[in-house]
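In case you want the letters, here they are:
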Amino acid sequence: MSDDWCICINGKPIIFAFDNLSYVKMNPAIDDMMKSAWTGYPYAGAKEHYVLNIEKRDEAMRVVKRLLKRLPPLTLP
């Protein structure tokens, strides 16, 4: 069993951590930055996501900052 996380910044779900991998939603705003990234499905039934290489901190931060400008805040029922 593993720990799974959703990392929200300013109320926006940005990074999903499952099975020791970090995922970000596929979004046209980051397609150019993630063209060589692996992709995968963080959990059963999920849409395909980009795998974010957090070892490359500067690149990961640029992806996160761009997503922050584009993704809507999380809305709860």
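As a reminder, the structure under discussion sits directly above these lines.
Residues numbered from 1 in each chain as written. Predicted model: local features only at pLDDT ≥ 70, side-chain atom pairs only at ≥ 80, totals over all residues. Heavy atoms only, no water.

1. Considerations on the side chain of Ser-22
Mapping Ser-22 onto the fold places it in strand β3 (residues 21-25). Ignoring sequence-local partners within four residues, the contact set of Ser-22 consists of Ile-15, Phe-16, Ala-17, Tyr-50, Val-51, Leu-52 and Ile-54. (Helix = DSSP H or I, 4+ residues; strand = E, 2+ residues; numbered from the N terminus. Contact = heavy atoms within 4.5 Å.)

2. Structural notes on the sheet that holds strand β4 (residues 39-40)
Spatially, β1-β2-β3-β5-β4 is the arrangement adopted by the five strands of the open sheet, whose pairing is antiparallel. Only two strands of the sheet have a single partner each, and these edge strands are β1 (5-9) and β4. In this structure, strand β2 (residues 12-18) lies alongside β3, joined through three bridges in antiparallel fashion. The residue of β3 that forms the bridge with Ala-17 is Ser-22. (Pairing = 2+ DSSP bridges.)

3. Topic: the environment of Arg-70
Locating Arg-70 in the fold gives a position in helix α1 (residues 57-70). For Arg-70 and Ala-29, which are 41 residues apart along the polypeptide, the C-alpha to C-alpha distance reads 7.1 Å. Residues in contact with Arg-70, not counting those within four places in the same chain, are Asn-27 and Ala-29.

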